[in-house]
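Each chain is listed here by its residues.
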Amino acid sequence: MKTALMIVGVAAIMMGLLWIGQGLGLVDWPKSSFMIDQRPWAMRGGVLAVLGVVALVLARRRR
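How each quantity is defined
- Residues numbered from 1 in each chain as written.
- Predicted model: local features only at pLDDT ≥ 70, side-chain atom pairs only at ≥ 80, totals over all residues.
- Heavy atoms only, no water.
- Helix = DSSP H or I, 4+ residues; strand = E, 2+ residues; numbered from the N terminus.
- Expected span 1.5 Å × (residues − 1).
- Buried < 20%, exposed > 50% of the residue type's maximum accessible area, 1.4 Å probe, protein only.
- Contact = heavy atoms within 4.5 Å.
- Axes fitted to C-alpha atoms, helices over the stretch in contact; angles between N-to-C directions.
- Parallel < 35°, antiparallel > 145°, perpendicular 65-115°, else oblique.
- Left-handed = near helix turned anticlockwise from the far one by under 90°.
- Nonpolar A, V, L, I, M, F, W, Y, C, P; charged D, E, K, R; others polar.

K.L.:
How should I be thinking about helix 1 (residues 2-23) in this particular structure?
P.N.:
Since one α-helical turn is 3.6 residues long, residues separated by three or four positions face the same way. Taking 1.5 Å as the rise per residue, helix 1 with 22 residues should run 32 Å; its terminal C-alpha atoms sit 31 Å apart, in good agreement. Within the span of helix 1, buried status applies to Gly9, Ala12, Ile13, Gly16, Gly21, Gln22 and Gly23. Where helix 1 is buried, its residues contact helix 2 (39-61). Two residues or fewer past helix 1, Gly25 is found with a positive phi of approximately 80 degrees.

Next up, the structure:
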């Protein structure tokens, strides 16, 4: 369970950072993405990244 929680946490952080980059217009990949330069996606990405950090902290605290 600890390993699965760590994998989910890392994936959430990475996806959240991608969403932040796309939402702020810093990442133009993929070109056809509807999220590019859309501020709500930057906020959602921030929330997702924070949830990923929480998942990592919880995984590290488990035995």
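K.L.:
Explain the environment of Val54 here, please?
P.N.:
Mapped onto the elements, Val54 comes out in helix 2. Along the chain, Val54 and Ile13 lie 41 residues apart, while their C-alpha atoms are 9.9 Å from each other.

K.L.:
Explain the packing of helix 1 against helix 2 to me, please; I cannot follow it from the model alone.
P.N.:
Think of two packed helices as two axes; the pair is described by the angle between the axes and how far apart they sit. Axis separation between helix 1 and helix 2 bottoms out at 7 Å; the angle between their running directions is 160 degrees. The angle between helix 1 and helix 2 places the two elements in the roughly antiparallel class. In this structure, helix 1 crosses over helix 2, and the sense of that crossing is left-handed. Of the residues that constitute the contact of helix 1 with helix 2, the class distribution is 17 nonpolar, six polar and four charged.

K.L.:
How do you make sense of unusual backbone geometry when you look at a structure like this?
P.N.:
With an omega of -15 degrees, the peptide bond between Trp29 and Pro30 qualifies as cis. By secondary structure assignment, the location of Pro30 is in the loop between helix 1 and helix 2. Of note in the backbone geometry, Asp37 takes a positive phi value of approximately 60 degrees without being a glycine. Secondary-structure assignment places Asp37 in the loop between helix 1 and helix 2. Judged by relative accessible area, Asp37 falls into the partly exposed class, the value being 46%.

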